[in-house]
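Observations on the model geometry
What follows is each chain in one-letter form.
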There are 4 protein chains.
Amino acid sequence: MTISVAVSGASGYAGGEVLRLLAGHPDVTIGAITAHSNAGSRLGELQPHLHGLASRILEDTSVENLSGHDVVFLALPHGASAEIAAKLPEGTVVIDAGADHRLEDAAAWEKFYGSDHAGTWPYGLPELPGQREKLKGANRIAVPGCYPTSALLALTPGFAGGLLEGNDVVIVSASGTSGAGKAAKVNLIGAEVMGSMSPYGVGGGHRHTPEIEQGLSNASGEPVTVSFTPTLAPMSRGILTTATARVKPGVGSEELRRAWAEAYDDEPFVHLLPEGQWPTTKSVQGSNHAAMQLAFDDHVGRVIVTCAIDNLTKGTAGGAVQSMNIALGLPETAGLNLQGVAP
Amino acid sequence: MTISVAVSGASGYAGGEVLRLLAGHPDVTIGAITAHSNAGSRLGELQPHLHGLASRILEDTSVENLSGHDVVFLALPHGASAEIAAKLPEGTVVIDAGADHRLEDAAAWEKFYGSDHAGTWPYGLPELPGQREKLKGANRIAVPGCYPTSALLALTPGFAGGLLEGNDVVIVSASGTSGAGKAAKVNLIGAEVMGSMSPYGVGGGHRHTPEIEQGLSNASGEPVTVSFTPTLAPMSRGILTTATARVKPGVGSEELRRAWAEAYDDEPFVHLLPEGQWPTTKSVQGSNHAAMQLAFDDHVGRVIVTCAIDNLTKGTAGGAVQSMNIALGLPETAGLNLQGVAP
Amino acid sequence: MTISVAVSGASGYAGGEVLRLLAGHPDVTIGAITAHSNAGSRLGELQPHLHGLASRILEDTSVENLSGHDVVFLALPHGASAEIAAKLPEGTVVIDAGADHRLEDAAAWEKFYGSDHAGTWPYGLPELPGQREKLKGANRIAVPGCYPTSALLALTPGFAGGLLEGNDVVIVSASGTSGAGKAAKVNLIGAEVMGSMSPYGVGGGHRHTPEIEQGLSNASGEPVTVSFTPTLAPMSRGILTTATARVKPGVGSEELRRAWAEAYDDEPFVHLLPEGQWPTTKSVQGSNHAAMQLAFDDHVGRVIVTCAIDNLTKGTAGGAVQSMNIALGLPETAGLNLQGVAP
Amino acid sequence: MTISVAVSGASGYAGGEVLRLLAGHPDVTIGAITAHSNAGSRLGELQPHLHGLASRILEDTSVENLSGHDVVFLALPHGASAEIAAKLPEGTVVIDAGADHRLEDAAAWEKFYGSDHAGTWPYGLPELPGQREKLKGANRIAVPGCYPTSALLALTPGFAGGLLEGNDVVIVSASGTSGAGKAAKVNLIGAEVMGSMSPYGVGGGHRHTPEIEQGLSNASGEPVTVSFTPTLAPMSRGILTTATARVKPGVGSEELRRAWAEAYDDEPFVHLLPEGQWPTTKSVQGSNHAAMQLAFDDHVGRVIVTCAIDNLTKGTAGGAVQSMNIALGLPETAGLNLQGVAP
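All values reported here derive from a predicted model rather than from experimental measurement. (Residues numbered from 1 in each chain as written. Chains lettered and ligands numbered in written order. Predicted model: local features only at pLDDT ≥ 70, side-chain atom pairs only at ≥ 80, totals over all residues. Heavy atoms only, no water.)

What follows deals with the overall build of chain A. The secondary structure content of chain A amounts to eleven helices and twelve strands. Radius of gyration (C-alpha) of chain A: 19 Å, near the 20 Å computed for a compact globule of 343 residues. If you line up chain A on its principal axes, its C-alpha atoms span 60 × 45 × 40 Å. Buried residues in chain A amount to 64% of all 343 residues. Sequence-distant contacts, at least 24 apart, represent 67% of the contacts inside chain A between residues at least 6 apart. Summed over its atoms, the accessible surface of chain A is roughly 10,700 Å², and 48% of this surface lies on carbon and sulfur atoms. When the 21 basic and 34 acidic side-chain charges of chain A are each reduced to a single mean position, those positions are 4 Å apart. (Helix = DSSP H or I, 4+ residues; strand = E, 2+ residues; numbered from the N terminus. Rg over C-alpha atoms; globule rule 2.2 N^0.38 Å. Buried < 20%, exposed > 50% of the residue type's maximum accessible area, 1.4 Å probe, protein only. Contact = heavy atoms within 4.5 Å. Areas by Shrake-Rupley, 256 points an atom, 1.4 Å probe, with all protein chains shown as cover. Lys, Arg positive; Asp, Glu negative; His and termini not counted. Charge placed at Lys NZ, Arg CZ, Asp CG, Glu CD.)

In this complex, chain A contributes 43 residues to the contact, which on the side of chain B involves 43 residues. Here chain A meets chain B over a buried area of about 3,400 Å², counting both sides, of which 65% is carbon and sulfur. At the boundary of chain A and chain B, one finds 14 residue pairs in polar contact (both at pLDDT 80 or more). Elements with a contribution of two residues or more to the side of chain A that touches chain B: strand E6 (169–175), helix H8 (190–193), strand E7 (198–199), strand E8 (226–232), strand E9 (239–246), strand E11 (290–297) and strand E12 (302–309) of chain A. Residue classes in the side of chain A that touches chain B are distributed as 20 nonpolar, 15 polar and eight charged. (Buried area = accessible area lost by both parts, 1.4 Å probe. Polar contact = N/O pair within 3.5 Å; in protein donor to acceptor, adjacent residues only side chain to side chain. Nonpolar A, V, L, I, M, F, W, Y, C, P; charged D, E, K, R; others polar.)

Right, let's talk about the relation of the copies chain C and chain D for a bit. Laying chain C over chain D is done by rotating through 180 degrees and shifting 0.0 Å along the axis; what remains is an RMSD of 0.0 Å. Here the symmetry operator amounts to a two-fold rotation axis. Across chain C, the smallest distance between a C-alpha and the rotation axis is recorded for Pro-234 of chain C, namely 3.1 Å. A symmetric contact is evident, with 100% of the interface residues of chain C recurring at the interface of chain D. (Least-squares fit on C-alpha atoms with pLDDT ≥ 70 in both.)

A separate point is the interface of chain C and chain D. At the junction of the two partners, chain C supplies 43 residues and chain D supplies 43 residues. The junction of chain C with chain D conceals about 3,400 Å² of combined surface from both sides, 65% of it contributed by carbon and sulfur atoms. Remark: the boundary between chain C and chain D carries four salt bridges. One salt bridge in this structure joins Asp-168 of chain D and Arg-246 of chain C, with 3.7 Å as the shortest N-O distance. At the junction of chain C and chain D, the tally comes to 14 residue pairs in polar contact (both at pLDDT 80 or more). (Salt bridge = Lys/Arg side-chain N within 4 Å of Asp/Glu carboxyl O.)

This part covers the environment of Ala-99 of chain A. Of note, Ala-99 of chain A is situated in the loop between strand E4 (93–96) and helix H5 (106–113). Sequence-distant contacts of Ala-99 of chain A, defined by excluding residues within four places in its chain, comprise His-78, Trp-109 and Tyr-113 of chain A.

Per the UniProt record, the feature "domain: Semialdehyde dehydrogenase NAD-binding" (unreviewed entry) sits at residues 4–136 of chain A. Helix and strand shares over residues 4–136 of chain A are 29% and 14% respectively, and the end C-alpha atoms of the span are 18 Å apart. (UniProt positions renumbered as here; feature names shortened; annotations may be inferred.)

It is worth spelling out the relation of the copies chain A and chain B at this point. Both copies of the chain are placed relative to one another by a rotation about an axis and a shift along it. The two copies are related by a screw operation: chain A maps onto chain B through 180 degrees of rotation and 0.0 Å of translation along the axis, at an RMSD of 0.0 Å. A share of 100% of the interface residues of chain A reappears at the interface of chain B, consistent with the copies meeting face to face through the same patch.

Below, the discussion takes up empty space enclosed by the protein. Under the defined criterion, the tally for this structure stands at six cavities of 30 Å³ or more. Looking at the lining of the largest cavity, its residues break down into 16 nonpolar, twelve polar and eight charged. As a volume, the second largest cavity reaches approximately 100 Å³. Elements represented by at least two residues in the lining of the second largest cavity include exactly E6 and E9 of chain A together with strand E6 (169–175) and strand E9 (239–246) of chain B. Its residues placed into classes, the lining of the second largest cavity shows eight nonpolar, six polar and no charged. (1 Å grid on protein atoms, 1.4 Å probe; cavity = no way out; pocket = protein on both sides within 12 Å on 5 of 7 lines; lining within 4 Å. Points joined across faces, edges and corners; volume = space filled by probe spheres on them.)

Another aspect to go through is the packing of helix H7 (residues 146–160) of chain A against helix H10 (residues 253–264) of chain A. Residues and elements named next belong to chain A. Closest axis-to-axis distance for the H7/H10 pair is 8 Å, and the angle between their directions is 115 degrees. Crossing hand, H7 versus H10: right-handed. Across the interface between the two elements, Leu-152, Leu-153, Ala-154, Leu-155, Pro-157 and Gly-158 from H7 touch Ala-259, Trp-260, Ala-263 and Tyr-264 from H10. A breakdown of the residues in the contact of H7 with H10 according to their chemical character gives nine nonpolar, one polar and no charged. (Axes fitted to C-alpha atoms, helices over the stretch in contact; angles between N-to-C directions. Left-handed = near helix turned anticlockwise from the far one by under 90°.)

This part takes up the domain arrangement of chain A. Residues and elements named next belong to chain A. Taken domain by domain, chain A consists of domain 1 (3–143 + 316–328) and domain 2 (147–309). Relative placement of domain 1 and domain 2: their C-alpha centres are 24 Å apart. Of all residues in domain 1, Tyr-13, Phe-112 and Glu-127 give up the largest surface area on contact with domain 2, accounting jointly for 30% of the area buried on that side. Summed over the shared surface of domain 1 and domain 2, the result is three salt bridges. (Domains from an automatic or database assignment.)

What follows concerns H10 of chain A. All names here are of chain A. The terminal C-alpha atoms of H10, which comprises twelve residues, lie 17 Å apart, in line with the 16 Å expected from a rise of 1.5 Å per residue. Within the sequence span of H10, burial applies to Leu-256, Arg-257, Ala-259, Trp-260, Ala-261 and Tyr-264. The inward-facing, buried residues of H10 abut H7, strand E10 (270–272), E11 and E12. (Expected span 1.5 Å × (residues − 1).)

Right, let's talk about the UniProt feature "active site" (unreviewed entry) in chain A for a bit. Residue and element names in this part refer to chain A. Under the feature "active site" (unreviewed entry), the UniProt entry names Cys-146. Structurally, Cys-146 is set in helix H7. Every residue in contact with Cys-146, bar those within four places of it in the chain, is listed here: His-208, Ile-239, Ile-309, Asn-311 and Gly-315.

This paragraph deals with the sheet that holds strand E11 (residues 290–297) of chain D. Residues and elements named next belong to chain D. The strand order E7-E8-E6-E9-E12-E11-E10 describes an open sheet built from seven strands, whose pairing is mixed. Of all strands in the sheet, those bounded by a partner on one side alone are strand E7 (198–199) and strand E10 (270–272). Where E7 meets strand E8 (residues 226–232), two bridges bridge the pair, whose relative direction is antiparallel. Considered in E8, the bridge of Pro-199 is made with Thr-231. In this fold helix H7 (residues 146–160) packs onto strand E6 (169–175), E8, strand E9 (239–246), E10, E11 and strand E12 (302–309), with an angle of close to 35 degrees to the strand it touches most, E9. Across the sheet, helix H9 (residues 208–220) lies against E6 and E8, angled at about 130 degrees from E8, the strand it touches most. (Pairing = 2+ DSSP bridges.)

The subject of this paragraph is the sheet that holds strand E12 (residues 302–309) of chain B. Either a parallel or an antiparallel arrangement is found when strands of a sheet pair, and the pairing is made through backbone hydrogen bonds. All names here are of chain B. The strand order across the open sheet formed by seven strands is E7-E8-E6-E9-E12-E11-E10, and the pairing between neighbours is mixed. Of all the strands in the sheet, just strand E7 (198–199) and strand E10 (270–272) have a single pairing partner and so form its edges. Contacting E6 and strand E8 (226–232), helix H9 (residues 208–220) crosses the sheet at an angle of about 130 degrees to E8.

With that settled, the discussion passes to the packing of aromatic side chains. Residues and elements named next belong to chain A. A complete count under the given rule lists eight aromatic pairs over all chains for this structure. An angle of 65 degrees between the planes, with centres 5.1 Å apart, marks the rings of Tyr-147 and Phe-228 as edge-to-face. On the criterion of sequence distance, the pair formed by Tyr-147 in helix H7 and Phe-228 in strand E8 is long-range, its members being 81 residues apart. Among the residues examined, Phe-228 registers a relative accessible area of 1% and is labelled buried. Taking the ring centre of Trp-121 as reference, the NZ or CZ of Arg-140 above it sits at 5.5 Å. (Phe/Tyr/Trp six-rings, centres within 6.5 Å; stacked < 30°, edge-to-face > 60°. Lys NZ or Arg CZ within 6 Å of the ring centre and 35° of its normal.)

It is worth spelling out a negative patch on the surface at this point. A surface patch of like charges, here negative, comprises Glu-104, Asp-105, Glu-110 and Asp-116 of chain A. Inspection of the secondary structure puts Asp-116 of chain A in the loop between H5 and helix H6 (131–135). (Patch = residues over 30% accessible without salt bridge, like charges linked within 9 Å, V, L, I, M, F, W, Y side chains within 5 Å.)

Here's what the structure looks like:
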């Protein structure tokens with residue numbers, strides 16, 4: 001069975017990463033490749049690393065061009081995906097890499113994004129409790145944000161297991177600059193970012209905060225509040241998230257470790273590393289894997305979980321393809337049996 | 001007046017940075033330059049960036065070679081500085097870049113360093129409340145650890161002002177790899193660290209934890225407990241510290257900002273940036289400055305302070321020279337009027 | 001048909017990259033994974049990016065452990081491969097990532113490597129004129145050096161076409177630091193290499209010089225002399241080679257371009273980019289592709305060819321697997337249909 | 001004596017580096033700081049590393065604002081400097097960081113820059129034979145291009161000494177990305193440039209080619225033709241130039257070395273390293289020094305000279321300040337006694 005797939009936003013980083021993975025997917029035929037500008041260009045000129053697709057010509061991002069495929073990946077500016085999805089043929093599986101359909105709470109969306117809530121689609125993070133079932137047979141998928149992917153994988157086992165306090169979660173993440181997109185902005189140029197680290201979106205205003213709180217609250221059954229601080233790191237890809245939460249009285253190191261191990265031992269892409277081994281973002285570069293480690297600091301009563309992902313792979317396109325596989329009933333790991341690229 | 005200075009550990013990063021700063025210090029004559037190995041080598045071969053000192057020959061690190069100077073900078077392995085200091089002529093100002101004399105509590109030293117406490121010397125971070133006075137006329141100075149420098153500068157104003165809760169401080173820092181020293185270890189080679197971030201010393205065991213708690217507890221007047229997680233960033237120099245603490249009830253954004261502004265407005269080297277501007281480690285590269293910004297996240301009741309320093313300059317050698325200036329009654333900024341080197 | 005493969009030197013960069021590619025090769029079963037030290041360790045501890053092989057235990061590099069496989073990849077110190085190969089069962093395909101069997105001329109080997117010549121095995125660069133035929137059915141393969149791979153791909157078409165002068169070829173290459181191996185040396189640590197470029201092996205002494213001259217002389221039919229200067233670049237992977245040769249009188253831009261196009265148009269892994277597009281090492285990161293572009297500078301009468309490869313992939317392991325496929329009669333691209341990993 | 005200096009282009013990299021150096025210059029008072037956009041902004045917002053000038057307000061780049069100073073540094077788009085210089089008060093020393101006045105040959109200018117030649121000003125590279133004299137008392141200075149600075153320092157001694165053949169010089173340079181300016185262009189963003197190397201301006205069309213040929217021809221007394229290939233390296237600052245020229249018959253290694261040693265032994269900023277030591281760009285980061293090494297490859301009859309500079313310091317602003325010192329009769333090293341910033 002071959003699945004026909006159309007990919008929009010093909011000239012950007014998310015679209016490029018989707019194409020990279022689909023090019024190696026045994027069950028996929030890549031159909032229309034679209035971009036809202038650059039229509040008519042050879043893909044090889046915009047994404048020279050996609051050797052196998054170099055001669056493909058980009059088309060306009062339009063309903064006509066996207067129609068007629070089994071699956072459509074959208075990587076569009078805010079507000080655009082709902083409209084296009086509504087016009088696509090019935091039965092098309094629409095996978096949105098944008099934020100529009102991630103949040104369940106309309107008020108949270110309006111507060112952080114300042115526009116009307118477009119609705120909620122099944123959340124593309126199958127490792128969350130119960131989420132895999134919700135993705136089976138889904139024909140709408142909201143790809144999680146990159147930081148939330150790492151943060152939710154890092155802390156959900158503890159909340160699902162009732163081991164952590166829901167107030168006062170503190171998360172600090174460092175991301176490679178591809179997370180900011182292929183935008184020509186002075187603060188993102190190489191001379192500015194190389195050899196430097198800097199924070200942004202500090203103080204609770206970052207849009208991934210409600211998304212992280214949503215996932216942890218769902219796992220916990222009670223509200224979880226999160227302080228989230230993202231920082232920009234001098235590398236192209238990767239996210240290292242350091243997430244800490246207070247541990248409930250009486251919970252100890254072994255119980256914590258057991259909860260994470262049980263949550264992930266059977267997962268193909270998420271790994272609690274052997275004790276003593278700490279995750280590096282390079283170890284998951286270009287792969288759909290997440291590597292993490294936890295430590296219980298009983299001096300302060302917090303568990304500290306460090307989780308490494310590739311922001312473009314597990315954090316965006318890999319998560320999207322993984323969810324697509326589940327939705328279509330394909331082997332979940334199809335096209336994603338990739339080792340990390342290191343060094 | 002010219003001060004004669006000897007520098008040990010001259011082939012390492014800390015010693016090299018001390019020499020770089022002293023080479024431009026108007027009141028200093030550099031005397032003996034020593035290293036425990038490499039004696040007899042030209043400095044230019046080991047520290048090719050020190051053009052003005054290229055022809056100097058390294059001597060043995062011995063009491064004889066270090067004697068006869070007004071000031072001696074020590075950058076030696078643990079346990080070595082106390083012995084050498086005790087043998088140096090009376091009146092020599094001894095400045096120790098190592099950890100041996102930073103901690104006040106012998107039990108904390110023994111717990112984290114596993115050896116006998118060597119005693120406590122005046123702590124070389126003059127911006128701490130009351131610390132400048134203690135450094136005047138001092139003839140022993142313990143240079144702070146690099147992470148503690150950034151963490152203490154980040155949070156002390158809030159604790160000194162009684163605005164923050166002392167339990168549950170959470171600090172995550174990212175450092176350039178020079179912080180690990182000039183050691184040939186596989187995990188530190190370029191191919192391993194470039195393009196990657198990774199955590200280490202997670203869970204409360206990092207030796208800078210007691211040092212940070214000491215400083216914050218002193219400022220607060222009450223015990224402060226800290227969760228500290230260091231991470232390795234793909235750059236040579238720089239530390240970006242993200243430090244959060246819970247704000248006492250009733251304390252708001254303006255009161256917080258006022259406390260930091262008052263603490264630092266008259267300081268030559270520590271800057272609370274204008275609102276809206278966030279610190280970058282590149283902006284303080286090679287300079288003795290610390291740049292910070294704070295935000296009050298009232299959703300979680302925490303202040304988040306981000307502080308950028310150069311781990312080798314304000315975090316080590318610059319802090320050392322600054323303290324030396326104070327101890328000797330020189331202008332505090334002598335030899336340290338350096339802009340950051342950016343881009 | 002499944003091919004059983006043993007890989008030695010599995011804890012190093014070359015061995016790790018071979019394993020990464022073999023893990024995704026449809027026709028391969030990975031057998032013994034060996035390392036001369038680290039025997040008994042879990043591979044996941046030494047090569048954390050190889051998720052699919054994390055639980056494998058490293059064995060000793062011995063004839064016993066390597067025997068019984070269809071193919072054995074060797075990544076050993078100089079002088080070791082010939083001995084091991086001689087003892088392996090008849091019919092084993094032995095692929096040597098080391099230098100021992102690359103050179104045809106014993107005198108050149110002894111001059112540059114200072115030991116006895118171990119003999120010559122078929123050279124694993126199938127894109128060289130006539131080389132593919134020599135690899136078919138081969139049971140010994142010498143994997144080319146990384147720099148020679150890029151240099152030979154860059155210039156061979158011109159020499160094979162009789163368009164270039166053989167004396168006075170000038171080549172300057174920049175390589176990521178993984179090319180130096182996983183060695184703990186001070187000059188290779190991150191703090192030294194990040195943010196810096198430096199040359200080494202300057203003046204004709206670099207061991208890849210005779211290898212490059214060999215390939216170009218073979219293509220030309222006449223002796224070619226090369227000035228080769230390698231430089232170390234602040235990145236983990238990648239080689240950018242800038243190769244220039246004097247163009248024979250009467251040869252023009254179109255004729256040059258035609259020679260390169262004809263040489264590579266039907267090659268699966270080597271690409272002359274469309275005019276106006278210049279190669280980047282990132283575009284071939286982690287892939288077996290080589291991208292190049294040429295320009296004729298008639299002001300000086302030289303063609304300048306720039307060629308980008310990944311030193312570990314096309315420059316080492318990818319070239320090895322590609323040659324293995326040819327030797328065994330498998331599709332040449334099996335296991336190598338990888339896009340570059342960018343950004 | 002204090003010199004009043006105005007700096008235009010203050011928000012860019014060249015202007016920022018000039019300000020960094022002038023801020024530490026004992027004889028300079030910084031007057032107007034101008035930028036063609038950003039007028040009214042605080043300098044600290046645009047150049048946060050210039051702590052000592054953070055509160056300065058940028059003014060318009062106009063003749064009024066620039067007048068009334070002893071020295072004016074211009075860093076403007078092509079074609080703008082001549083006009084402004086002509087309107088400044090008589091006696092003002094005008095130092096142009098742009099290309100407009102570097103070339104002596106109007107035809108070369110028009111060929112490579114496509115506009116009318118603005119005239120020739122004294123070239124700001126005092127280490128060239130006879131150039132220091134021309135800069136004494138000069139009131140117009142053309143700051144050399146960054147690549148030409150490194151290339152001319154690398155090869156001039158050999159040409160001045162009549163030891164090298166003038167045809168067929170081959171130069172390949174690698175530069176940090178600040179060389180491209182503070183421009184927001186997609187190909188310069190961090191995600192594109194980090195972990196990658198790429199060539200540009202290949203084939204003789206780069207504008208620095210005529211500038212390099214001019215300097216070498218002047219030194220030689222005969223025409224010198226150069227193949228120059230620039231490449232972009234994943235670092236913020238630094239240029240490593242690898243320059244090769246054919247050595248005249250009968251010239252040997254010792255004679256070559258003597259020529260370079262004699263050329264530079266008494267120079268404060270240019271160093272032929274001790275034999276066996278190779279230059280790194282990090283060793284001259286942020287300093288006005290150039291470090292080089294040469295090797296004679298008698299196998300091909302070429303000398304290979306590798307030269308490292310900081311593109312923004314010796315390659316732009318440091319060279320400018322050095323030339324200013326000479327023009328004004330100040331000590332040549334005033335404000336430039338800076339060690340490199342390493343690691």
